[in-house]
Amino acid sequence: DFQMTQSPSSLSASVGDTVTITCRAGQSIITYLNWYQQKPGKAPKLLIYAVSSLQSGVPSRFSGSGSGTDFTLTINSLQPEDFATYYCQQTFYIPRTFGQGTKVEIK
Amino acid sequence: EVQLVESGGGLGQPGGSLRLSCAASGFTLSSHWMHWVRQGPGKGLVWVSRMSSDGYATDYADSVKGRFTISRDNAKNTLLLQMNNLRPEDTAVYYCAREKWNAFDMWGQGTMVTVSS
């Protein structure tokens, strides 16, 4: 299967910190890269699509960048409600693979 | 309200079958590509299957190919996943998701499938 590699797998941060999560594709996926947030016991929620487009209702402290094989999700001024697991996803190839997830925990 | 609601999960025997449903409200399923995604206990998200908006194209993950079948009941505006020859590794929460702008913009709440004897 097509691989999406996220790093780190987990991180600890404080409220107000800036957090960066990276996602690397096995080969170019152009800009077919999305980011999701998932809280325990809940369905994933789309945050960013097409690398950098913010889904409606998502706070502007979330941003995405990158192209080709390397992508980044940045969360500025981390808020208490942002502690969750984040997944990247490519939608260029079948299967529609997800990264393994990054758990953002409270320091 | 625009939403997806899954049902049909439960306990299945190895080698047995289950059928999952995903009822859509507030929009028409046949206007979108639709997907099934699963998440094993404590694990990450794994894409399972998709159906095209016109219903003619389907794709499957290798792990379920030949065992699972995605389909749609247009009259009930419901997406289906027929799961046959179940294996313990199929144990997971199953989500249906709507595709928009090449992303999964709407998800159901999930339905738990446990495969065990």
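Remember, predicted model here, so these are calculated numbers, not experimental data.

Turning to the state of the cysteines, a few remarks are in order. Residues and elements named next belong to chain B. Scanning the entire structure with this criterion turns up two disulfides over all chains. Here cysteine 22 pairs with cysteine 96 through a disulfide, and the sulfurs are 2.0 Å apart. Taking the sign of the torsion about the S-S bond as the criterion, the disulfide between cysteine 22 and cysteine 96, at about 65°, is right-handed. Here cysteine 22, found in strand β3 (residues 18-25), pairs with cysteine 96, found in strand β9 (residues 92-100); they are 74 residues apart in sequence, far enough to count as distant.

All names here are of chain B. Read from one edge of the open sheet, four strands run β1-β3-β8-β7, paired in antiparallel fashion. Pairing within the sheet leaves two strands with one partner each, and these edge strands are β1 (3-7) and β7 (68-73). Direction aside, the axes of adjacent strands within the sheet are offset by 20° on average.

With that settled, consider the side chain of Arg72(B). Residues and elements named next belong to chain B. Mapping arginine 72 onto the fold places it in strand β7. Despite its burial, arginine 72 remains without a salt bridge, the nearest opposite charge being carried by aspartate 54 at 6.4 Å. Within the structure, arginine 72 has its side chain in polar contact with the side chain of asparagine 74 (distance 2.7 Å).

Moving on to the nonpolar core. As a rule of thumb, soluble globular proteins bury nonpolar side chains together. Of all hydrophobic cores here, the largest spans 39 residues; its most connected members are Phe98(A), Leu4(B), Trp36(B), Leu81(B), Tyr94(B) and Trp107(B). When residues in this core are grouped by element, the largest group, five residues, is from β9(B). Once you skip the residues sitting within four places of it in the chain, Phe98(A) turns out to touch Met4(A), Tyr36(A), Tyr87(A), Cys88(A), Gln89(A), Val37(B), Leu45(B), Val46(B), Trp47(B), Phe104(B) and Trp107(B). Among the nonpolar cores identified, the runner-up in size contains 25 residues, and Val19(A), Ile21(A), Leu33(A) and Ile48(A) belong to it.

Residues and elements named next belong to chain A. Within the open sheet, the six strands sit side by side as β2-β10-β9-β4-β5-β6. Their pairing is mixed. The sheet terminates laterally at β2 (10-13) and β6 (53-54), the two strands that pair on one side only. As defined by bridge partners, strand β9 (residues 85-90) adjoins strand β10 (residues 102-106) across two bridges and the pair is classed as antiparallel. Note on β10: the bridge partner recorded for tyrosine 86 is threonine 102.

The rules we used
Residues numbered from 1 in each chain as written. Chains lettered and ligands numbered in written order. Predicted model: local features only at pLDDT ≥ 70, side-chain atom pairs only at ≥ 80, totals over all residues. Heavy atoms only, no water. Disulfide = S-S within 2.5 Å. Helix = DSSP H or I, 4+ residues; strand = E, 2+ residues; numbered from the N terminus. Pairing = 2+ DSSP bridges. Axes fitted to C-alpha atoms, helices over the stretch in contact; angles between N-to-C directions. Buried < 20%, exposed > 50% of the residue type's maximum accessible area, 1.4 Å probe, protein only. Lys, Arg positive; Asp, Glu negative; His and termini not counted. Salt bridge = Lys/Arg side-chain N within 4 Å of Asp/Glu carboxyl O. Polar contact = N/O pair within 3.5 Å; in protein donor to acceptor, adjacent residues only side chain to side chain. Core = buried A, V, L, I, M, F, W, Y, C linked by side-chain atoms within 4.5 Å. Contact = heavy atoms within 4.5 Å.

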